[in-house]
Amino acid sequence: MPDSDYTPIACRAYDDLGLRMMRGTPTTLTVQDAEADAPRSITARIDDIYSADGAEYVRLDSGSTVRLDRIVKVEDA
């Protein structure tokens, strides 16, 4: 079932995530989950960027996934 509330991210942000993945750069993502009150920070390397069920995601080297439109900040770790 498609995720109808997904909002595509800016191309520049997508490209930045792709470069971080290709370079293996340790990255800190600040993520605002729909069901959480406060954002959380995750530090990891990006293993993959992919589309599924009408939304785009990053898969991290920790095995977790994050929907791209839930990322509010990207920084070097």
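Predicted, not measured: the structure shown is a model, and the values here were computed from it.

Asks: Explanation requested: the environment of R20 in the structure shown.
Replies: The topology assignment puts R20 in helix α1 (residues 11-23). With a relative accessible area of 12%, R20 lands in the buried category. Residues R20 and I46, 26 residues apart in the sequence, show an inter-C-alpha distance of 6.9 Å. If near-sequence neighbours (up to four positions away) are discounted, R20 is found in contact with T25, T27, I46, V74, E75 and D76.

Asks: Help me understand the pattern of salt bridges, please; the structure alone is not making it clear to me.
Replies: Two side chains carrying opposite charge are able to pair once their charged atoms lie near each other. In this structure the tally under the stated criterion is 8 salt bridges. Its salt-bridge partner being D5, residue R67 comes within 3.4 Å of it at the nearest N-O pair. Within this pair, whereas R67 is found in strand β5 (residues 65-67), its partner D5 is found in the segment before α1, the two being separated by 62 residues in sequence. Since its relative accessible area comes to 9%, R67 is described here as buried. The exposure class of D5 is partly exposed, given its relative accessible area of 46%. For D76, the salt bridge is made with R20, and the minimal N-O distance between the two is 2.8 Å. Within this pair, whereas D76 is found in strand β6 (residues 71-76), its partner R20 is found in helix α1, the two being separated by 56 residues in sequence. If you follow the salt bridges from partner to partner, you end up with D5, R67, D69 and R70 in one network.

Reading the values: rules and limits
- Residues numbered from 1 in each chain as written.
- Predicted model: local features only at pLDDT ≥ 70, side-chain atom pairs only at ≥ 80, totals over all residues.
- Heavy atoms only, no water.
- Helix = DSSP H or I, 4+ residues; strand = E, 2+ residues; numbered from the N terminus.
- Buried < 20%, exposed > 50% of the residue type's maximum accessible area, 1.4 Å probe, protein only.
- Contact = heavy atoms within 4.5 Å.
- Salt bridge = Lys/Arg side-chain N within 4 Å of Asp/Glu carboxyl O.

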